[in-house]
Amino acid sequence: RSLLDLNLCGTKTCPLINVRKGQQELEVELHKDPCGIGRVRNFLLTASPFFGFMGEIIGVVISYKDITKRKEMERELRDANVALERLTTLDGLTNITNRRGLDEYLRREWGRMRRNKTCLSFLMGDIDFFKCYNDTYGHQAGDDCLRALAGALQQQVLRSSDLAARYGGEEFAVVLPDTGCEGALQVAERIRSTVEELRIESKCSPISDQVTLSLGVGCIIPGPDNSPAELIKRADNALYLAKKNGRNQVVIETISMISSPVLECVGIDAASEPATV
């Protein structure tokens, strides 16, 4: 009696009512504290009709099964799956999202921005002369440098909808949903400045005495005639120009560089600080 929830009586989940209506069996999960000591246990209530000699329902057989252990194992399995999924989308070195997680997130946000008809921006960053840095200071220092720059990206990704990721090697990327070109430029410039402020020594760099970052910005309003690959290409083209023009700078792909006017996205800001590009 301590297990039966009287609140079920007269409701759609009442075992007696449902069985009397002809339902052959009913299963209801209950969460109870049978001993009144603050320890909730899980029970599976099963109700089945009991028939008389003439085939009429003359009663209901109700049984309870303690499924607490099973529910605990299900929770543990669910938590383990969540942790495993997180590991498969996390970069082991920098502890930020990896390429797989980036691709999945970009694909998801692309669909959302397409439905909302709002702008999606993508930043591509590349550490300047990183091979030279690795050769001069060693791979352990190179790994430390990558971790430091990943932290700089995370520091400047201010909104929960924005995503910083390691694109591969010494390349990083940032996804900025609901963000136009002006806002994306501001975020990119903040990231570039933050990397400079890390003051990571780099004697082999021909442009600076410390590690620097070049960034390309792409922005687009997703539609039926474009794709995430096009957005990535725009950012990559801009990054190429940033490196070609001297590095340690932010470049955005402009109308003259592409066939469609991405600057239509301008006006949806992700930050309030003015950019120096």
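Data block above holds the structure.
It should be emphasised that the depicted structure is a prediction, and the values quoted were computed from it without experimental measurement.

## Concerning the overall build of the protein
Line of reasoning, step 1. Helices and strands together make up the secondary structure of the protein, namely 7 helices and 8 strands.
Line of reasoning, step 2. Across the 277 residues in the protein, those meeting the buried criterion constitute 44%.
Line of reasoning, step 3. For the protein, restricting intrachain contacts to residue pairs at least 6 apart in sequence, the fraction spanning at least 24 positions comes to 61%.
Line of reasoning, step 4. Carbon together with sulfur atoms contributes 52% to the accessible area of the protein, which is approximately 15300 Å² in total.

## Notes on unusual backbone geometry
Line of reasoning, step 1. Located in the positive-phi region is Phe129, a residue other than glycine, with phi close to 55°.
Line of reasoning, step 2. Following the sequence through the fold, Phe129 ends up in the loop between strand E4 (120–127) and helix H4 (130–137).
Line of reasoning, step 3. Look at Arg247: it is not a glycine, yet its phi comes out positive at around 70°.
Line of reasoning, step 4. Note that Arg247 resides in the loop between helix H7 (228–244) and strand E8 (250–252).

## Considerations on the state of the cysteines
A covalent bond between the sulfur atoms of two cysteines is referred to as a disulfide.
Line of reasoning, step 1. By the definition in use, this model includes 2 disulfides.
Line of reasoning, step 2. Linked covalently through their sulfurs, Cys132 and Cys204 form a disulfide whose S-S length is 2.4 Å. Linking Cys132 in helix H4 with Cys204 in the loop between helix H6 (181–197) and strand E7 (213–220), this pair joins segments that are 72 residues apart in sequence.
Line of reasoning, step 3. By relative accessible area, Cys132 is classed as partly exposed at 26%.
Line of reasoning, step 4. Covalent S-S linkage joins Cys181 and Cys219, the inter-sulfur distance amounting to 2.0 Å.

## Quick notes on the pattern of salt bridges
Line of reasoning, step 1. With the rule as written, the count across this model stands at 14 salt bridges.
Line of reasoning, step 2. With its nearest N and O atoms 3.3 Å apart, the salt bridge here joins Asp91 to Arg166. Of this pair, Asp91 sits in the loop between helix H2 (68–88) and helix H3 (99–116) while Arg166 sits in strand E5 (residues 163–168), and the two are 75 residues apart along the sequence. For the pair Asp91 and Arg166, one class covers both residues: buried.
Line of reasoning, step 3. With a shortest N-O distance of 2.8 Å, Arg234 and Glu230 are connected by a salt bridge. Note that Arg234 and Glu230 are positioned in helix H7 at a spacing of 4 residues, about one turn of the helix.
Line of reasoning, step 4. Relative accessible area serves as the criterion here: at 5%, Arg234 is assigned to the buried category.
Line of reasoning, step 5. Through salt bridges that share partners, Arg70, Lys71 and Glu74 make up one connected network.

## Side note on the side chain of Asp91
Line of reasoning, step 1. Take Asp91: its relative accessible area is 13%, and that puts it in the buried class.
Line of reasoning, step 2. A distance of 2.6 Å separates polar atoms of two side chains, one belonging to Asp91 and the other to Thr94.
Line of reasoning, step 3. The contact partners of Asp91, leaving out residues within four places of it in the chain, are Ile96, Thr97, Asn98 and Arg166.

## Some words on the environment of Phe172
Line of reasoning, step 1. Its place among the elements puts Phe172 in strand E6 (residues 171–177).
Line of reasoning, step 2. Through-space distance from the C-alpha of Phe172 to that of Arg99 is 9.4 Å; in sequence the pair is 73 residues apart.

## Description of the pairing of E7
Line of reasoning, step 1. In terms of residue burial, E7 counts as a mostly covered element, since 8 of its 8 residues are buried.
Line of reasoning, step 2. Residue alternation in E7 divides its side chains into two sets, Leu213, Leu215, Val217 and Cys219 and Ser214, Gly216, Gly218 and Ile220, and both sets are buried.
Line of reasoning, step 3. Of the strand pairs in this sheet, E7 and E8 are connected by 3 bridges, and their pairing is parallel. Residue pairing in the sheet places Leu215 in a bridge with Val250 of E8.

## A word on empty space enclosed by the protein
Line of reasoning, step 1. Within the structure shown, the criterion is met by 1 cavity of 30 Å³ or more.
Line of reasoning, step 2. Estimates place the volume of the largest cavity at around 30 Å³.
Line of reasoning, step 3. Residue lining of the largest cavity: Leu123, Met124, Gly125, Leu153, Phe172, Ala173, Val174, Ile191 and Leu215, and that is the complete set.
Line of reasoning, step 4. Only E4 and E6 provide two or more residues apiece to the lining of the largest cavity.

About the cut-offs
- Residues numbered from 1 in each chain as written.
- Predicted model: local features only at pLDDT ≥ 70, side-chain atom pairs only at ≥ 80, totals over all residues.
- Heavy atoms only, no water.
- Helix = DSSP H or I, 4+ residues; strand = E, 2+ residues; numbered from the N terminus.
- Buried < 20%, exposed > 50% of the residue type's maximum accessible area, 1.4 Å probe, protein only.
- Contact = heavy atoms within 4.5 Å.
- Areas by Shrake-Rupley, 256 points an atom, 1.4 Å probe, with all protein chains shown as cover.
- Disulfide = S-S within 2.5 Å.
- Salt bridge = Lys/Arg side-chain N within 4 Å of Asp/Glu carboxyl O.
- Polar contact = N/O pair within 3.5 Å; in protein donor to acceptor, adjacent residues only side chain to side chain.
- Pairing = 2+ DSSP bridges.
- 1 Å grid on protein atoms, 1.4 Å probe; cavity = no way out; pocket = protein on both sides within 12 Å on 5 of 7 lines; lining within 4 Å.
- Points joined across faces, edges and corners; volume = space filled by probe spheres on them.

Spatial relationships are all this shows, so hold off on functional conclusions.
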